[in-house]
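Spelled out, the chains give:
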Amino acid sequence: MERLEKTMTPIADWLTRNKILSAIRDGFIITTPIVIIGSFFLLISNFPIPGYNEFMAGIFGENWTFNLDKVSTVAFSCISVMAALGIGYSYARELKQTNRILPAFTALVCFFILAPQSHPDFVNADGNAFSGFSFTHMGTQGIFLAMVVALVSVRVYSFAMDKKLTIKLPDGVPPAVMESFEALIPAGFAMVLAFITNIVIGMTSYETLHNFIYSILQAPLVNLGRLKLFEIVYQFLSSLFWFFGINGPAVTNTIFAPIHKALTLENYEAFQAGLEMTNVFTQGFSDFFGNFGGGGSTLGLVIMMSFMAKSERMRTLGKLSLPAGIFGINEPIIFGLPIVLNPVMLIPFLLCPILNIVVAMIATNVGFIPITSGMQLPWTTPILFSGFLITGSVNAVILQFLMLLMNMAVYYPFFRILDKQFLAEENSKVEDIDEIDELSFDDLDIDDL
């Protein structure tokens, strides 16, 4: 345990303190509300119940999904635009810039400069190629370009600001005007760099930086996410960090979240186009089939604590933690039981998420449950509901219930060991109190003193 702690703690500390990884993680978190709202619109227009579409069409007309789809399409297909803004803002904050909006907008403008604006494959009736931005490049295929451009442009902007390469106006000028002129040269440096890069890349066979990054970086990483060990490694590392009291997903998502995001949105695009979805390890798969009740898949443990524990301590903690656990929040158990650095709970805490992923992966491959759609539900969506909504299949509800029972079976012997330990401690305290109660001062004589 000491060796593991000495090895993992510095790694976790480096990952959480690294400015670049933190900016990427926080930048994607900023996009989360928009994507979740877009998912609700997608759910309404494609609710997984037989006959639903025909029923709604009978009320609202044949094209009833048109306006709903506009919202979900923008929310998903502009994810790179939001990522450029979010990561730019977060990285400016990490670099201690007092004004973070201007660096974020600089990152967005640089992203637009480098994004393809001419599309020879799409020609109108006059024979002219379409000119402008396409959802293809603003969506999943532009995520890594947005990441790289946001980081580089904000770094250049911050370098110029730190070196005082700015235009200073008299003190009487309004602050908004002063900040705008102060950002003129730093933003100009970043935009000129994007301009030159665009020209240089245009001279190569890749033609655009988007094509270069997607071919060299994004495609190989997304292919990594399709490997069978990808999700197992992610779940194991997340649980291991939690065991040492470190928020596991907060650490591992700095690396894995962009890949999860790309795989999820690829499924969404295939779903919208009526094509077959091929990515198993989406964000929804990870959230709703890997862990029930939070990291370590502790919901089964909490249920047993609430209704099967003999020790007062464990039973009370279980009942207090159950409502939060249903919605995927298990900090009360992580730190209250505790699971942190508790060797009794190490094996089931690491094993359950891995078993869940393996079982769910097999169930998907044999066709028992369908591949999760590109829909993104809040990670707090309760078990059973989440399985149905993310797949549209009742089989997913059955699978989640069976895996919850499996988790309870895995946790049970370790739960019993800890429960007996707590019960013994409670009984020993009661005996100590009884011995004190039996003491009497009747035989005490003042002369004896």
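Residues numbered from 1 in each chain as written. Predicted model: local features only at pLDDT ≥ 70, side-chain atom pairs only at ≥ 80, totals over all residues. Heavy atoms only, no water.

**A word on the overall build of the chain**
Alright, step 1. When helices and strands are counted, the chain shows 20 helices and two strands.
Alright, step 2. For the chain, buried positions account for 48% of its 449 residues.
Alright, step 3. Sequence-distant contacts, at least 24 apart, represent 73% of the contacts inside the chain between residues at least 6 apart.
Alright, step 4. Counting only carbon and sulfur atoms, one obtains 66% of the accessible surface of the chain, whose full area is about 22600 Å². (Helix = DSSP H or I, 4+ residues; strand = E, 2+ residues; numbered from the N terminus. Buried < 20%, exposed > 50% of the residue type's maximum accessible area, 1.4 Å probe, protein only. Contact = heavy atoms within 4.5 Å. Areas by Shrake-Rupley, 256 points an atom, 1.4 Å probe, with all protein chains shown as cover.)

**A short note on the nonpolar core**
Alright, step 1. Residues Phe289, Leu301 and Leu337 are the most contacted members of the largest nonpolar core, which totals 96 residues.
Alright, step 2. The leading source of residues in this core is helix α20 (residues 394-438), at 11 residues.
Alright, step 3. Filtering out sequence-adjacent residues up to four positions away, Leu337 remains in contact with Leu301, Met305, Arg313, Met314, Leu317, Pro332, Met345, Leu418 and Phe422. (Core = buried A, V, L, I, M, F, W, Y, C linked by side-chain atoms within 4.5 Å.)

**Considerations on the side chain of Gln400**
Alright, step 1. Its place among the elements puts Gln400 in helix α20.
Alright, step 2. Polar side-chain contacts of Gln400 include one of 3.2 Å to the backbone nitrogen of Gly387. (Polar contact = N/O pair within 3.5 Å; in protein donor to acceptor, adjacent residues only side chain to side chain.)

**Digging into unusual backbone geometry**
Alright, step 1. Located in the positive-phi region is Lys96, a residue other than glycine, with phi close to 65°.
Alright, step 2. Examined against the element boundaries, Lys96 turns out to sit in the loop between α5 (79-94) and α6 (101-114).
Alright, step 3. Among the residues examined, Lys96 registers a relative accessible area of 67% and is labelled exposed.
Alright, step 4. Here Glu207, not a glycine, exhibits a phi torsion of approximately 70°, which is positive.
Alright, step 5. You can call Glu207 exposed: its relative accessible area is 54%.

**A closer look at the pattern of salt bridges**
Alright, step 1. Tallying each qualifying case throughout the model produces four salt bridges.
Alright, step 2. Across the pair Arg416 and Asp419 runs a salt bridge, and its minimum N-O distance is 3.3 Å. Of this pair, Arg416 and Asp419 both sit in helix α20, three residues apart, which is roughly one turn of that helix. Across the pair, exposure class does not vary: Arg416 and Asp419 are buried alike. (Salt bridge = Lys/Arg side-chain N within 4 Å of Asp/Glu carboxyl O.)

**Considering the packing of helix α8 (residues 143-162) against helix α10 (residues 184-202)**
Alright, step 1. Between α8 and α10, the shortest axis-to-axis distance is 8 Å and the interhelical angle comes to 145°. Two packed elements cross with a definite hand, and for α8 against α10 that hand is right-handed. Taken together, the residues of α10 that come into contact with α8 (itself represented by Val152, Ser153, Val156, Tyr157, Ala160 and Met161) are Pro186, Ala187, Phe189, Ala190 and Leu193.
Alright, step 2. Residues of the contact of α8 with α10, tallied by class, amount to 10 nonpolar, one polar and no charged. (Axes fitted to C-alpha atoms, helices over the stretch in contact; angles between N-to-C directions. Left-handed = near helix turned anticlockwise from the far one by under 90°. Nonpolar A, V, L, I, M, F, W, Y, C, P; charged D, E, K, R; others polar.)

**Focus: the packing of α6 against α8**
Alright, step 1. Between α6 and α8, the least distance of the axes is 8 Å, while the angle of their chain directions is 130°. Classed by the angle they form, the pair α6 and α8 counts as oblique. In the crossing of α6 with α8, the sense of the turn from one axis to the other is right-handed. Within the contact between the two elements, α6 uses Leu102, Pro103, Thr106, Ala107, Cys110, Phe111 and Leu114 and α8 uses Leu145, Ala146, Val149, Ala150, Ser153, Val154 and Tyr157.
Alright, step 2. Class assignment for the residues of the contact of α6 with α8 results in 12 nonpolar, two polar and no charged. (Parallel < 35°, antiparallel > 145°, perpendicular 65-115°, else oblique.)

**Regarding a nonpolar patch on the surface**
Alright, step 1. A grouping of Ile362, Val366, Phe368, Leu384, Phe385, Val394, Ile398, Phe401, Leu402 and Leu405 is seen on the molecular surface, where their side chains present a nonpolar patch of about 940 Å² in accessible area.
Alright, step 2. Residue class for Leu405 comes out partly exposed when judged on its relative accessible area of 41%. (Patch = residues over 30% accessible without salt bridge, like charges linked within 9 Å, V, L, I, M, F, W, Y side chains within 5 Å.)

**Brief notes about the packing of aromatic side chains**
Alright, step 1. Inspection of every chain in the model, using the stated rule, returns six aromatic pairs.
Alright, step 2. Considering the side-chain rings of Phe112 and Phe133, the 4.9 Å spacing of their centres and the 40° angle between planes classify their relative orientation as tilted. Here Phe133 lies in the loop between β2 (129-131) and α7 (135-138) and Phe112 lies in helix α6, a separation of 21 residues in the sequence.
Alright, step 3. On the basis of relative accessibility, which here comes to 25%, the residue Phe112 falls in the partly exposed class.
Alright, step 4. Plain terms: the ring middles of Tyr412 and Phe415 are 6.2 Å apart, the flat faces sit at 50° to each other, and that makes the pair tilted. You can see Tyr412 and its partner Phe415 sitting in helix α20, three residues apart, about one turn around the helix. (Phe/Tyr/Trp six-rings, centres within 6.5 Å; stacked < 30°, edge-to-face > 60°.)

**As for the environment of Pro120**
Alright, step 1. Among the structural elements, Pro120 can be located in strand β1 (residues 118-123).
Alright, step 2. Sequence separation between Pro120 and Phe130 is 10 residues; the distance between their C-alpha atoms is 6.8 Å.

**Some points on helix α16 (residues 312-326)**
Alright, step 1. Taking 1.5 Å per residue, 15 residues should reach 21 Å; α16 reaches 21 Å between its end C-alpha atoms and fits that length.
Alright, step 2. Taken as a whole, α16 has its buried residues at Met314, Leu317, Gly318, Ser321, Leu322 and Gly325.
Alright, step 3. Directly beyond the C-terminal end of α16, a positive phi value near 80° is found at Gly328. (Expected span 1.5 Å × (residues − 1).)

**Brief notes about the environment of Leu95**
Alright, step 1. Relative to the assigned elements, Leu95 resides in the loop between α5 and α6.
Alright, step 2. Spatially, the C-alpha atom of Leu95 lies 9.8 Å from that of Ala23, the residues being 72 residues apart in sequence.
Alright, step 3. When sequence neighbours within four positions are dropped, the list of residues in contact with Leu95 reads Lys19, Val154, Arg155 and Ser158.

**Considering helix α18 (residues 343-365)**
Alright, step 1. Under the 1.5 Å per step criterion, the end-to-end length of α18 is 34 Å for 23 residues, consistent within 8% with the ideal 33 Å.
Alright, step 2. The largest bend in α18 amounts to roughly 25° and is located at Leu351, with the proline Pro353 lying one to four residues further along.
Alright, step 3. Phi turns positive, to about 90°, at Gly367, one or two residues after α18. (Bend = angle between axes of the 7 residues up to and from the residue.)

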